[in-house]
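Reading the structure
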Amino acid sequence: MGASNGKLKIGHDTMIQALKELIKYRDLLYMLTLRDIRIRYKQAVMGFAWAIFMPIVAVGAGILVKQAMSVVSGQPQDPHGIMSIAVKVLPWTFFISSIRFAVLSLVGNSVLITKIYFPRAILPLASTAACFFDLMISMVILTIVMIVMKLGLSIHILWAPVLILFLVLFTTGLGLLLSCANLFFRDVKYVVEVILMFGIFFTPVFYDANLFGRFKTFMLLNPMGSILEALNHTIVYKQAPDPFWLSYAGLWAMVMFVIGLSVFHNKEQLFAENI
């Protein structure tokens, strides 16, 4: 029992120390996030329009899939079905973009890692923060579209910030974990790319989990599936999220963040010699 408590205490101390360092270097996190945003849009021909173009393409692909399903089932599309795709595609785009950039963040900044000291977690965090900036732009546009289409909002929209927080925590924790793994095993980035490429087929992005009937549970066991379905219910269908799956998503988000930050912090001293 004592040993178990000791382990928990070490984990707790590790978390506190890691968070204190991040707070201490928050100005550097802000500068690196701003750098990533500027580089991304400066190199893009369309500039900030890129943040709008990518979600439009993703939503357009989703509408095509939805239309194909509509033709097969013989049921016409409705505005809510189209809006469901938009509501779920935007967070999904944030997730895959954040993971892709975070995985490469350490190797891509090897010069910084070997020359100066700072909490290395700032690098994948800056990548995630830059992608979150894109998400916020997309969400503002989505809100405008919903107003124009007169779809309306309900009191349940207040769950959306909580769910976005779960999304960010889960994505950040996973990004920290995978960026650390990729530093020691360089083929991790290829495995991640394959999983992200086909992950959309195993996540209810272009479709609702309800389509799978009694197998719906297997779709929601994917934490991203739980978060996306909850966002869809609160924003599009104006319903409160299911308490069980809301708690499940929240637990996964917090556990992933704690594991990601703890593992990253514990292995950080080995980064310079493995870069």
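Predicted model only: the values in this text are computed from it and were never measured.

1. Thoughts on the overall build of the chain
- Within the chain, the secondary structure is distributed over twelve helices and zero strands.
- In the chain, which comprises 275 residues, the share counted as buried stands at 45%.
- By sequence separation, contacts in the chain at least 24 residues apart represent 80% of the contacts at least 6 residues apart.
- Surface accessibility of the chain: about 14800 Å² in total, with carbon and sulfur atoms responsible for 73%.

2. Observations concerning the pattern of salt bridges
- Under the definition given, this model contains four salt bridges.
- A salt bridge links Asp-36 to Arg-35, with the shortest nitrogen-to-oxygen separation between them at 3.1 Å.
- Overall, Arg-35 belongs to the partly exposed group, its relative accessible area being 29%.
- Several salt bridges share partner residues, and in doing so they unite Lys-88, Asp-208 and Glu-229 into one network.

3. Considering the confidence of the model for the chain
- Confidence in the prediction of the chain, expressed as mean pLDDT, is 84, and 89% of residues score 70 or more.
- Mean pLDDT across the secondary structure elements of the chain bottoms out at helix α1 (residues 2–24), with 65, and peaks at helix α7 (residues 159–184), with 96.
- Note on residues 1–10: pLDDT is under 50 here. Beyond four places in sequence and across chains, it has zero contacts.

4. Things to note about the side chain of Asn-232
- Tracing the chain through its elements places Asn-232 in helix α10 (residues 223–235).
- Apart from residues lying up to four places away in sequence, Asn-232 is in contact with Ser-84, Val-87, Lys-88, Asp-208 and Tyr-237.

5. Observations concerning empty space enclosed by the protein
- Summed over all chains, the structure comprises one cavity of 30 Å³ or more.
- Looking at the largest cavity, its volume works out to about 50 Å³.
- Surrounding the largest cavity, Ala-18, Glu-21, Leu-22, Pro-119, Ala-121, Leu-261, Phe-264, His-265 and Glu-268 form its lining.
- Among the secondary structure elements, those contributing two or more residues to the lining of the largest cavity are α1 and α11 (243–267).
- Within the lining of the largest cavity, the residues separate by chemical class into six nonpolar, one polar and two charged.

6. Side note on the nonpolar core
- Judged by nonpolar contacts, the single largest core of 45 residues is most densely connected at Met-83, Trp-92, Phe-95, Ile-99, Leu-142 and Leu-231.
- Of all the secondary structure elements, the ones that give two or more residues to this core are α3 (50–73), α4 (79–108), α6 (122–148), α7, α8 (188–199), α10 and α11.
- The element best represented in this core is α4, accounting for twelve residues.
- Non-local contacts of Leu-142, meaning those with residues more than four positions away in its chain, are made with Met-83, Ala-86, Val-87 and Leu-90.

7. Let's talk about the environment of Phe-53
- Within the fold, Phe-53 resides in helix α3.
- In sequence terms Phe-53 and Ser-138 are 85 residues apart; their C-alpha atoms lie 9.5 Å from each other.

8. Here we look at α10
- When the terminal C-alpha atoms of α10 are compared, their 18 Å separation across 13 residues agrees well with the 18 Å that a helix rising 1.5 Å per residue should span.
- Of all 13 residues in α10, 13 are buried; the element is thus mostly enclosed.
- For α10, the side-chain oxygen to backbone nitrogen distance between the N-cap and Met-224 is 3.0 Å, and the N-cap itself is Asn-222.

9. Quick look at the packing of aromatic side chains
- Considering all chains together, one arrives at twelve aromatic pairs under this definition.
- Seen from their ring centres, Tyr-25 and Tyr-117 are 6.3 Å apart, and the 80° between their planes marks the pair as edge-to-face. In this pair, Tyr-25 is assigned in the loop between α1 and α2 (26–43) and Tyr-117 in the loop between α5 (110–115) and α6, connecting sequence segments 92 residues apart.
- By relative accessible area, which is 22% here, Tyr-25 ends up partly exposed.
- Residue classification places Tyr-117 among the partly exposed positions, given a relative accessible area of 48%.
- Ring centres 6.3 Å apart and planes at 80° place the aromatic pair Phe-170 and Trp-252 in the edge-to-face group. Here the residue Phe-170 occupies a position in helix α7, and Trp-252 occupies one in helix α11, the gap between them amounting to 82 residues.
- Among the residues examined, Trp-252 registers a relative accessible area of 34% and is labelled partly exposed.
- What links up through ring pairs into an aromatic cluster is the set Trp-92, Phe-95, Phe-170 and Trp-252.

Reading the values: the criteria
Residues numbered from 1 in each chain as written. Predicted model: local features only at pLDDT ≥ 70, side-chain atom pairs only at ≥ 80, totals over all residues. Heavy atoms only, no water. Helix = DSSP H or I, 4+ residues; strand = E, 2+ residues; numbered from the N terminus. Buried < 20%, exposed > 50% of the residue type's maximum accessible area, 1.4 Å probe, protein only. Contact = heavy atoms within 4.5 Å. Areas by Shrake-Rupley, 256 points an atom, 1.4 Å probe, with all protein chains shown as cover. Salt bridge = Lys/Arg side-chain N within 4 Å of Asp/Glu carboxyl O. pLDDT = per-residue confidence, 0-100. 1 Å grid on protein atoms, 1.4 Å probe; cavity = no way out; pocket = protein on both sides within 12 Å on 5 of 7 lines; lining within 4 Å. Points joined across faces, edges and corners; volume = space filled by probe spheres on them. Nonpolar A, V, L, I, M, F, W, Y, C, P; charged D, E, K, R; others polar. Core = buried A, V, L, I, M, F, W, Y, C linked by side-chain atoms within 4.5 Å. Expected span 1.5 Å × (residues − 1). Polar contact = N/O pair within 3.5 Å; in protein donor to acceptor, adjacent residues only side chain to side chain. Phe/Tyr/Trp six-rings, centres within 6.5 Å; stacked < 30°, edge-to-face > 60°.

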